[in-house]
Amino acid sequence: MPQKAANAAYYGAFQDPVTNAQAAFRGIMDAMARPGRIHVFADPARPPAPLSPAQGTIALTLFDQDTPVHLTQGLAATAVASWLSFQTGAPIAADRLQARFALVEKAAALPPLSGFAQGTQDYPDRSTTVIIELEALSGGTARRVAGPGIDGETTIAPLGLPDAFDALWAENGAQFPRGVDLILTAGDACLCLPRTLRILR
Amino acid sequence: MYVAVKGGETAIAEAHRLLADRRRGPRDLPALSLAQIAGQLSLAVDRVMAEASLYDPILAALAVKQARGDMIEAIFLLRAYRTTLPRLAISQPLETAAMQIERRVSATYKDLPGGQLLGPTFDYTHRLLDPDLAGEEAEPETPARRAVSGEKVMRVSDILDGEGLVEGDGSFGPDHVAGDITREPLDFPMPRDTRLQVLARGDEGFLLALAYSTQRGYGRTHPFVGEIRIGLADVEIELPELGFSVPLGRIRITECQMVNQFKGSAKEPPQFTRGYGLVFGQSERKAMAMSLVDRALRADEFGEDIVAPAQDQEFVLSHADNVQATGFVEHLKLPHYVDFQAELDLVRRMRAEYEAKRAGQAGDEDAITSEAAQ
Amino acid sequence: MSAIEGIARTNFAYLDEQTKRMIRRAILKAIAIPGYQVPFASREMPMPYGWGTGGVQVTAAIIGPEDRLKVIDQGADDTTNAVSIRAFFEKVANVAVTTHTRDATIIQTRHRIPEAPLSEGQVLVYQVPIPEPLRFLEPRETETRMMHALEEYGLMHVKLYEDIARNGHIATTYAYPVQVAGRYVMDPSPIPKFDNPKMDRSPALQLFGAGREKRIYAVPPFTEVKSLDFEDHPFTIQRFDKPCALCGSTHSYLDEVVLDDRGGRMFVCSDTDFCEERREAGHVGPLGVPA
C-alpha cells in the first residue's frame, strides 16, 4: 500500500486485530517455548521502515499503555515512534531500565544487554524483552544451544549478531533468574532466546 | 455391570431451570421491578455497588434480583460485568467538602459550621417490627425539606488541621500514580492508596468484625468519629483538550473521618491521627469500619507494635474480598475424588502398618504374661 | 434503561484485548523463567474464584479459532465443572471442542494429567488454587517470595523429612512439590503425585493459572521437573493392586467407586477418554463388557 510519510502512523496495522493478535501471540509463545524454532508470521503488520514486519507484529501483539518501549536513537528518529504511539499507545522510554520492551533495527549497534531492566531477584519477570532485527535468522555462524524448551540440543545460526554476542549472552545467563529475554527477528520471522538458553558452541 | 456417571450437561441445564423457577417464586405474585428494588431496597443496592466497585443502581438492582437477594452473589454478578467495561477516563478526586449533605454527624464537637444533620438514619428508631408495613402500606408523610443554604459544611478534620493538632491529610509525592487493584496484582507491603481500595470493596462483615476487634483491644486506636457525612458528590473528569474539568454526574457516598489519639514518636509531635472510610451509597457501618481498619493498618507508620490481626496488612488485605473468599471456600464442593483417592491410599497403608506394629507389640506382651505365669 | 442494553456484548474469548495482552506478556515471562510465579492482574471472571478462573484466563488469552479444546476435571470430560468451562468457551470463543486427548490442541485441566502421552504442539493449562508450594510452611507472601529469591528451600525438605521420621512416609499425596529446571520449587497444582513424572520433559507446553492468587507460571517443553525426595527415600508413585474394572488397565490412575453399603468397591480409570479408547480397542476389565 502506498503511504505518505506524514500519515505513516495510521497504516500497517492488523486487518483483524483480535484474530491476528491471537495468531501472532501463539507464534511468539511457541517460539519462546521452543527456542531455536523459527516462526514465520502469516499475516504480519506493515510498519514503517526500518521496523520489520515481524517487529511490528510483535509490537501490535504485546505493547500497550502499560509497556514503556525503548527505541534506539536510529529508530527514534524515524516514523516508527509515531507509528508505535498511534497503533499501540505504548509510551516511549528514554531510560532503558524503565523499558518493558526494546526495539533494535537492522545493522544498528547492539546496545549492552546489561543496560536494560534485568528484573530483581524476587521479581525476575520485571526485565526488558529486547527485539532485535537481523540480516537473517539462518545462514550465520552455527551455534549449538540447549536449555528448557529444547530436547537435548539444537542449532541456531542467526546472521548479523556481533562477535561478542556469546560472551554477552553468557553474562546475561549467569545472573539467572535475572536477565533479559531476546526475540531475534528478520523480515516476517522470529526466533526467541529466553534467558535460560545456553550457547554450547 | 457398572456404567460410569454421565450427563453433566443435562444435569446443569435442569439445575438452572430449577433455579430460574425458584428465583421467580409464586407466579400469582407480580415480579419485582428493578425500579422497586433500587427504590425500596436501596441499601442492599448500595452495598452491591460498593463491594462491586461499580456505581449503577439499576444494574445493581438487576444483580440483586437475579441473585435472589444473595448479596455476595449479586456483588459477584456486578463485578463480573464491571471487568468487561473499557476504561474511558480517570476522574478527579471527589471534593467531599463540597458535597450536598443529606446527613452529617460529628461526635467530637457539640456544634460546628454546617450543623449536625441526622438525615435518613435508623439511629433512634426503636427496633420494633412495624405491622403497618406488612399489608397495604399507607403513604408516609412527605418529609420537610430545607432549601440548599449554600453554607459550607466544613470538614471536622479541617477544623483540627487549622489548629495543627491533626496529622496532615495523607498525600503522596507529585510523581505518585494512584494504583488500581483491579488492574494490578497485589504486592506487599501495599501503599495506603491501594489499601483503601481493597477496604472500599472489602466485605462489610469482615471489616466490621476487624474494626470491632480493635475496639476490644486487639490493636486499639482510641478512635473518635470526627465526622460522618452522607450526600451527593460531583464526579468530574479533566479533558486535556479543554484544560479544565467537567462534571459527569453525581453519586451518593458515605465518608467517615475517624480521629485517633497518638502520643507522638521520635519524629512526630503528639497529635491526632486519621482513619479514613469512603463507600458508595449510604453505608455508615461500612465507612466507619473501614476507617478503623485503615487506621489500624497504619501501625508501622506510627511505630506501633503490630500485634493484632487488624494491623496485619497481608492478613487483612488478602482476606477482605468476599467474592474471592466465597469462591475458594465453596470450591471445596467441587469433586476432589482424585486427591482423596491418593489420601485414602496413604491412610490405609499407614493404618495397616500401625495395626501390624500393634499386633507385634501385643504378641510380645502375651509372651511376657505367659512367661510370668510359668 | 440504557445501562441494561449494553450488557450483552463481549469480546472473542470474553477478555478484552488489553487484558489478553497483559496475560500474554505474563505467559512469555513465565516461559522464560520456568517454575517462577509471575504476578498478573487477574480479572474477575463470570465464574467463581477457585473454580478455574486462572486456567480460564490463560486459555482465553491463548485460544484461537483453529484450536480444539478439551476440558477435564478429575480426569473426566463429563464432570460438571469441566462441562461448564467447556460450554463457556464454546459460547464466547465458538471454538471446536473434543474429548480426545490426542485431538486437542489445548487441554485445560483440574487435578489430573491425561494418561495418553502429550505431544509437541499441545498446551496443557492447569487450574491452580494455591500456586505457592511454600504456602503451607509460611503463609506470608513477603516471606515466601524471599525464600524463592534466595533459593532457600531447606524448610521444605525439613517438612518432608519430618513426615518420614514420624510416619515412615512423606504424607503429601497430591500437589507434591517439584523443582523445575534445577531452580524453582513449584506447586504442580493438586494433581495426585502419580501424575508428577508425566511433567518431566513433556513435549507439551505446560501453563499454570491461579486466578484468585493472581499468578501464572510455566514449564516449557522438554524441561526437567523433579519431584523433591531424599536419597534414602526416593520419590515413588502410588500403585493400584487391581486393574481398572472396565478396561483392565494396570498402569493408569484409578477412582474408587462405592457399589453398595456392604463394602463393595470397584476401581475405574479416572481418565475417561483413556478408558473409553482402551475399551474401543478391545480391552475388557473384570466388570466391563466388550465395546
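Cut-off values and rules
- Residues numbered from 1 in each chain as written.
- Chains lettered and ligands numbered in written order.
- Predicted model: local features only at pLDDT ≥ 70, side-chain atom pairs only at ≥ 80, totals over all residues.
- Heavy atoms only, no water.
- Helix = DSSP H or I, 4+ residues; strand = E, 2+ residues; numbered from the N terminus.
- Rg over C-alpha atoms; globule rule 2.2 N^0.38 Å.
- Buried < 20%, exposed > 50% of the residue type's maximum accessible area, 1.4 Å probe, protein only.
- Areas by Shrake-Rupley, 256 points an atom, 1.4 Å probe, with all protein chains shown as cover.
- Lys, Arg positive; Asp, Glu negative; His and termini not counted.
- Charge placed at Lys NZ, Arg CZ, Asp CG, Glu CD.
- Phe/Tyr/Trp six-rings, centres within 6.5 Å; stacked < 30°, edge-to-face > 60°.
- Lys NZ or Arg CZ within 6 Å of the ring centre and 35° of its normal.
- Pairing = 2+ DSSP bridges.
- Contact = heavy atoms within 4.5 Å.
- Buried area = accessible area lost by both parts, 1.4 Å probe.
- Polar contact = N/O pair within 3.5 Å; in protein donor to acceptor, adjacent residues only side chain to side chain.
- Nonpolar A, V, L, I, M, F, W, Y, C, P; charged D, E, K, R; others polar.

Asks: Outline the overall build of chain C, listing residues and values.
Replies: Counting secondary structure elements, chain C contains eight helices and 12 strands. Here chain C has a C-alpha radius of gyration of 20 Å; the compact-globule value for 291 residues is 19 Å, and the two agree. If one aligns the C-alpha atoms of chain C with their principal axes, the spans along those axes are about 60 × 55 × 40 Å. Taken over 291 residues, chain C has a buried fraction of 64%. Here chain C displays about 10,500 Å² of accessible surface, and carbon together with sulfur accounts for 52% of that area. One finds the centroid of the 33 positive side-chain charges in chain C at a distance of 3 Å from the centroid of its 39 negative side-chain charges.

Asks: Lay out the packing of aromatic side chains in plain terms, naming residues and giving numbers.
Replies: Using the criterion set out here, one finds 16 aromatic pairs over all chains in the structure. Summarising the aromatic geometry, the rings of Y55 of chain B and F280 of chain B are spaced 5.3 Å apart at their centres and angled 85 degrees between planes, so their arrangement reads as edge-to-face. Placement of the pair is Y55 of chain B in the loop between α3 (42-52) and α4 (57-66) and F280 of chain B in strand β4 (residues 271-280), with a sequence separation of 225 residues. Residue classification places Y55 of chain B among the partly exposed residues on the basis of a relative accessible area of 26%. An aromatic cluster of three or more residues is present, and its members are F194, F240, Y253 and F267 of chain C. Across from the ring centre of F116 of chain A, 5.7 Å away, lies the NZ or CZ of R96 of chain A, which sits over that ring.

Asks: Explain the sheet that holds strand β4 (residues 129-133) of chain A to me, using residue names and the numbers behind them.
Replies: Residue and element names in this part refer to chain A. Strand order in the open sheet made by the six strands is β1-β8-β7-β4-β3-β2, with mixed pairing throughout. Two strands close off the open sheet at either side, each with one partner strand: β1 (39-40) and β2 (69-71). Examined bridge by bridge, β2 and strand β3 (residues 101-104) share three bridges and lie parallel to one another. Note that in β3 the partner of V69 across the bridge is F101.

Asks: Just give me the short version of the interface of chain B and chain C, but keep the residues and values in it.
Replies: Opposite the 53 residues of chain B that make contact, chain C presents 66 residues. Across the interface of chain B and chain C, roughly 5,000 Å² is buried in total on both sides, 60% from carbon and sulfur atoms. Connecting chain B to chain C are 22 residue pairs in polar contact (both at pLDDT 80 or more). Contributing elements (two or more residues each) for the side of chain B that touches chain C: α1 (8-24), α4, α5 (71-83), α11 (322-330) and α12 (337-373) of chain B. Considering every element that reaches the side of chain B that touches chain C, the biggest residue donor is α12 of chain B, with 13 residues. Each residue belonging to the side of chain B that touches chain C can be placed in one class, and the counts come to 26 nonpolar, 10 polar and 17 charged.

Asks: Would you mind going over the environment of T57 of chain A in detail, with residue names and values included?
Replies: All names here are of chain A. Note that T57 resides in helix α2 (residues 53-62). Here the alpha-carbon distance between T57 and N20, two residues 37 residues apart in the chain, equals 8.9 Å. Apart from the residues lying within four places of it in its own chain, the contact partners of T57 are F14, A24, F41, P44 and A45.

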